[in-house]
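Below, each chain spelled out in residue letters.
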Amino acid sequence: MKTRFIALAAASVFALSASAQEVQTSANLADQPAKDVAFVRSNTAGNNWFITLQGGIDYGFGWDLFKSEPKTDAGFSDRMNYSAGIALGKWHTPYFATRLMLDWNWLTDPFAKGLKQGDKYAKYHVLNPHFDFLFDVTNYFAPYNEDRVFHFVPWIGVGYQALDKTGEFKFSEVDHGVTANAGINFDFQLGKVVTFTIAPSIAAFPQNRNIAANAQLRAGLTFNINRGFESVEPMDYALLNNLQNEINTLRSQNAELSKRPVSCPECPEIQPVTTQVKSENVVYFRIGSSKVDRNQMINIYNTAEFVKSNNVPVTVIGYADAKTGSANYNMQLSEKRAREVARLLTDEYGVDSNQITIDYKGDTVQPYAENAWNRVVIMTAEK
């Protein structure tokens, strides 16, 4: 029993230390390039998505790979047409995103020589859905800053092209093909929600045993859905190893103690001393979340064991950090956190609900000086 108690106590210290390190934000992280910093985001499914709307012009051309000559004699103005695009994507880190984009282009035939349809060259409607990988160079090499105005974002992708030969939106005669897409987004952040983008790009595709391409210059708006990341310190594995070694040492000492006699007739009897014992454990949360991470469950377990073994009440108080969200949102979030911890005490570890008092403070009370630490529930029990 002694062995189990000491091991659990040491494990509790280990979990609390590890938890604190996982969520704390150090000032020096703000000066490091984003590529050298670990980030977390809220568990909310809608975070870091974006929708893009663009419009502009395109310029189609074809080239004979063997004769090194253009495949159309259309002039510059004849090749200039309209282009539009819409995309849905998601930022997975501050500098890496994926998206699915659908382009519509009004394209002059890149292989036509000689005038057609009177004094005009043949033109086609082209639909080009493509899947892209975006790389924010600015966020990668510079310290992460949610309010940075300018971002340089090159991207590459692969897609499918449907070219309507009728030019009448009927798509009754369609050429199908694969495209290689690439471009650069020059992003100017107008606010947390809206970004203005200037986007030169090109889509290359094989046609008639040659290579054709469609160059585009578009501008548009991107609407960001709860975009934001927070830097966190990586786990100190040297500290974890030291704590594990201490636990193993305590186990060895308890094994030796267990070999001693249970009673000592020659020893003077020691009178028990009544002391006040208090248990206070914490549960840390990720930003915007009321879900308890697995590595926090040991603290809830320890509180439950203390409450049940001593038959004492426990107070569960939820908090939220003051630098994220509105006061009303944080009050609701702190309540959700407190009620989730209370539910786990009851449902997972068998604490009687009548022994639990729930309270929540929102961001009106900040128990810790470190902002990130205040995404917390504090459990207090005393006998």
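Residues numbered from 1 in each chain as written. Predicted model: local features only at pLDDT ≥ 70, side-chain atom pairs only at ≥ 80, totals over all residues. Heavy atoms only, no water.

Thoughts on the overall build of the protein chain
A count of helical and extended segments in the protein chain gives six helices and 15 strands. With 383 residues in all, the protein chain has 42% of them scored as buried. Residue pairs at least 24 apart in sequence account for 72% of intrachain contacts in the protein chain once pairs closer than 6 positions are excluded. If you sum the accessible surface of the protein chain, you get close to 20800 Å²; carbon and sulfur atoms cover 59% of it. (Helix = DSSP H or I, 4+ residues; strand = E, 2+ residues; numbered from the N terminus. Buried < 20%, exposed > 50% of the residue type's maximum accessible area, 1.4 Å probe, protein only. Contact = heavy atoms within 4.5 Å. Areas by Shrake-Rupley, 256 points an atom, 1.4 Å probe, with all protein chains shown as cover.)

Some points on the nonpolar core
Within the largest apolar cluster, 23 residues are counted, with the highest numbers of intra-cluster contacts made by Val283, Val292, Ile300, Val316, Val341, Leu345 and Met379. If you list the elements that add at least two residues to this core, you get α5 (297–310), β13 (314–318), α6 (327–347) and β15 (376–382). Setting aside chain neighbours within four positions, we find Val316 in contact with Ala338, Val341, Leu345, Ile356, Thr357, Ile358, Asp359, Val377, Ile378 and Met379. (Core = buried A, V, L, I, M, F, W, Y, C linked by side-chain atoms within 4.5 Å.)

A word on the sheet that holds strand β12 (residues 278–284)
If you walk across this open sheet you meet the four strands as β12-β15-β13-β14, and the pairing is mixed. The open sheet has two free edges, formed respectively by β12 and β14 (356–360), since each of these has just one partner strand. With strand direction ignored, the average angle separating the axes of adjacent strands in the sheet is 15°. Pairing of β13 with β14 involves five bridges; the strand directions are parallel. Each bridged residue has a counterpart across the sheet, and for Gly318 the counterpart in β14 is Tyr360. Those strands touched by α5 are β12, β13 and β15, and its axis lies near 155° from that of β12. (Pairing = 2+ DSSP bridges. Axes fitted to C-alpha atoms, helices over the stretch in contact; angles between N-to-C directions.)

Points about the pairing of β15
With respect to burial, β15 is a largely interior element, five of its seven residues being buried. Inspection of the sheet shows β12 paired to β15 by seven bridges, in the antiparallel sense. From the neighbouring strand, Asn281 faces β15, where its bridge partner is Met379.

Notes on the side chain of Thr197
Turning to its location among the elements, Thr197 is positioned in strand β9 (residues 194–207). Apart from residues lying up to four places away in sequence, Thr197 is in contact with Gln54, Asn185, Phe186, Asp187, Arg218, Ala219, Gly220 and Thr222.

Brief notes about unusual backbone geometry
In this model, Asn48 sits at a positive phi of 65°, which is unusual for a non-glycine residue. Structurally, Asn48 can be placed in the loop between β1 (38–40) and β2 (49–64). Residue Asn48 is classed as buried on the basis of its relative accessible area, which comes to 0%. Backbone geometry places Asn311, a non-glycine residue, at a positive phi of 50°. Structurally, Asn311 can be placed in the loop between α5 and β13. Asn311 sits in the exposed class, given a relative accessible area of 61%.

Quick notes on the packing of aromatic side chains
For the structure on display, the rule yields 12 aromatic pairs. Considering the side-chain rings of Phe96 and Phe133, the 6.4 Å spacing of their centres and the 20° angle between planes classify their relative orientation as stacked. Taken together, the residues span a long stretch of sequence, with Phe96 in strand β5 (residues 96–108) and Phe133 in strand β6 (residues 123–135) at a distance of 37 residues. By relative accessible area, which is 38% here, Phe133 ends up partly exposed. (Phe/Tyr/Trp six-rings, centres within 6.5 Å; stacked < 30°, edge-to-face > 60°.)

Quick look at the pairing of strand β8 (residues 174–189)
When strand β7 (residues 150–164) meets β8, the two strands line up antiparallel, connected through 15 bridges. Residue pairing in the sheet places Ile156 in a bridge with Ala182 of β8. As paired elements, β8 and β9 share eight bridges and run antiparallel to each other. Among the inter-strand pairings, Ala182 is bridged to a residue of β9, identified as Ile202. The turn joining β8 and β9, which pair antiparallel and follow one another in sequence, is formed by four residues.

Examining the pattern of salt bridges
Going through the model one piece at a time under the given rule, you end up with nine salt bridges. Between Asp293 and Arg286 there is a salt bridge, with its nearest N and O atoms 3.2 Å apart. Residues participating in the shared-partner salt-bridge network are Glu340, Arg343 and Asp347. (Salt bridge = Lys/Arg side-chain N within 4 Å of Asp/Glu carboxyl O.)

A look at the confidence of the model for the protein chain
When pLDDT is averaged along the protein chain, the result is 80; 72% of the residues meet or exceed 70. Confidence drops under a pLDDT of 50 for residues 1–29, and excluding neighbours within four residues, the segment shows 58 contacts in the predicted structure. (pLDDT = per-residue confidence, 0-100.)

Re the environment of Asp363
Note that Asp363 resides in the loop between β14 and β15. Between the C-alpha atom of Asp363 and that of Met331, which follows or precedes it by 32 residues, the distance is 6.8 Å. Contacts of Asp363, omitting those with residues within four sequence positions, involve Ala320, Asp321, Ala322, Ser326, Ala327 and Asn330.

Overview of α6
An α-helical segment advances 3.6 residues per turn. Residues three or four places apart therefore align on the same side. Taking 1.5 Å of rise per residue, the 21 residues of α6 would be expected to cover 30 Å, and the 30 Å separating its terminal C-alpha atoms lies within 8% of that figure. Looking at the buried positions of α6, the neighbouring elements they touch are β12, α5, β13, β14 and β15. (Expected span 1.5 Å × (residues − 1).)

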